[in-house]
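# Structural characterization, general
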Amino acid sequence: MRTARFANLPWHIICWVLGISFLLPLVWMFSTALKPPGLVFETPIRWIPENPRWYNYPQVFEKLPLFSRFFVNTFYVTLMGAAGCVLSSLLVGFGLSRINWPGRNAVFGMLIATLMLPGVVTIIPLYIIFRYAQLVGTFYPLWIPAWFGYAFYIFLMRQYMMTLPRELDEAARMDGAANFRILWQIITPLCSPAIATIAIFAFLQHYNDFLGPLLYISANEMFTLQLGLLWFQGRFGNFWHLVMAASVMTIVPVLVLFFAAQKRFVQGIQLTGLAGR
């Protein structure tokens, strides 16, 4: 046992070294966010400032009052998009896994085939559709597609639902339950790991989306955090301590979400790949 433990020691050391190297840019960002302007690019790097300048964070809102509005816009788009992804994946995943109907496997095959289609191919058709619908310049193009389903999330939900016993559906139908009641009262509570996984993926997708807001949003007060951060950098690029402070505030919600839902996230990733049918 002791020999096997020491045999894995080099791999543990390599993982530690790689992990620390990946974290260095993040640590530099946190450190720079607490420095005065004259110490940002000093060499050698001072990782821990002697006098942390916490005033940099409120100064971001003084320089750019709209920054708080960017948070509101981002969370609106993110929550609406995540809710749409979860709901659409539940409905379509249930139809592809628990209901037998002609052509089901063919439809699932076409759905999986769309995963091979690059996202850039649909940018122009989607833009034309939203332009004719007079939705360009609003938040709707940023979250409406999520309510029609994304193939990857539907695939995850379908694979997880395939692992649930069919006897649950049969017993519910014997009691007179219809498909929608089976879905909401029986299947959905059992799919909490898959729902959590999809919700986290969808949250990160919409929260970090840059291209979508860049295409559809033009008014400054409607910017999301990603566009707002670029705008802030363009206006105050010489004040890197403030840019780093704004970046720290931008990634804090993602870090909080990851550490709060880490157990559910890992559990969902493991379970959604168990189905072999």
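It should be emphasised that the depicted structure is a prediction, and the values quoted were computed from it without experimental measurement.

## Overview of the overall build of the chain
The helix and strand inventory of the chain stands at 15 helices and zero strands. Relative to a compact globule of 277 residues, whose C-alpha radius of gyration would be 19 Å, the chain shows 23 Å and is clearly more extended. Viewed in the frame of its principal axes, the chain has a C-alpha envelope of about 75 × 70 × 35 Å. Split into buried and exposed, the 277 residues of the chain put 39% on the buried side. Just so you have it, the chain exposes about 16200 Å², and 70% of that area is on carbon and sulfur atoms. Between the centroid of the 18 positive side chains of the chain and the centroid of its 9 negative side chains there is a distance of 4 Å.

## Looking at the domain arrangement of the chain
Each assigned domain of the chain is listed here: domain 1 (2-58) and domain 2 (60-272). Computed over C-alpha atoms only, the centres of domain 1 and domain 2 are separated by 31 Å. Both sides of the domain 1 and domain 2 interface together cover about 1200 Å² of buried area, and 75% of this is carbon and sulfur. The tally of links between domain 1 and domain 2 comes to zero salt bridges. In this structure, the connection of domain 1 to domain 2 is made through six residue pairs in polar contact (both at pLDDT 80 or more). For the side of domain 1 that touches domain 2, the secondary structure elements donating two or more residues are α2 (9-32) and α3 (56-63). Here the element with the most residues in the side of domain 1 that touches domain 2 is α2; it accounts for five residues. The residue inventory of the side of domain 1 that touches domain 2, partitioned by class, reads eleven nonpolar, two polar and one charged.

## Some words on α3
Listed as buried for α3 are N56, Y57, Q59 and V60. Seen along its axis, α3 keeps its buried residues to an arc of 160°; they face one direction. Along its buried surface, α3 packs onto α2, α4 (67-97), α13 (225-235) and α14 (240-260).

## Some words on the nonpolar core
Ranked by internal contacts, the top residues of the largest apolar core, which has 34 residues, are Y57, V60, F67, F139 and F232. Residue assignment for this core shows that the elements contributing at least two residues are α3, α4, α7 (140-143), α11 (192-207), α13 and α14. In terms of residue count, the dominant contributor to this core is α14 (eight residues). Each of domain 1 (2-58) and domain 2 (60-272) accounts for three or more of the residues forming this core. Once residues lying within four places of it in the same chain are set aside, the contact partners of F139 are N73, Y76, V77, I217 and M222. Core analysis: the next-biggest nonpolar cluster, separate from the first, contains 22 residues, F94, M157, L164 and C191 among them.

## A word on the side chain of Q226
Within the secondary structure, Q226 is located in helix α13. Those residues in contact with Q226 that lie beyond four places of it in its chain are Y207, N208, D209, F210 and T250.

## Here's the deal with the environment of Q159
Structurally, the position occupied by Q159 is in helix α8 (residues 151-161). Side-chain polar atoms of Q159 contact the side chain of R158, separated by 2.7 Å.

Thresholds applied
Residues numbered from 1 in each chain as written. Predicted model: local features only at pLDDT ≥ 70, side-chain atom pairs only at ≥ 80, totals over all residues. Heavy atoms only, no water. Helix = DSSP H or I, 4+ residues; strand = E, 2+ residues; numbered from the N terminus. Rg over C-alpha atoms; globule rule 2.2 N^0.38 Å. Buried < 20%, exposed > 50% of the residue type's maximum accessible area, 1.4 Å probe, protein only. Areas by Shrake-Rupley, 256 points an atom, 1.4 Å probe, with all protein chains shown as cover. Lys, Arg positive; Asp, Glu negative; His and termini not counted. Charge placed at Lys NZ, Arg CZ, Asp CG, Glu CD. Domains from an automatic or database assignment. Buried area = accessible area lost by both parts, 1.4 Å probe. Salt bridge = Lys/Arg side-chain N within 4 Å of Asp/Glu carboxyl O. Polar contact = N/O pair within 3.5 Å; in protein donor to acceptor, adjacent residues only side chain to side chain. Nonpolar A, V, L, I, M, F, W, Y, C, P; charged D, E, K, R; others polar. Arc of directions from axis to C-beta. Contact = heavy atoms within 4.5 Å. Core = buried A, V, L, I, M, F, W, Y, C linked by side-chain atoms within 4.5 Å.

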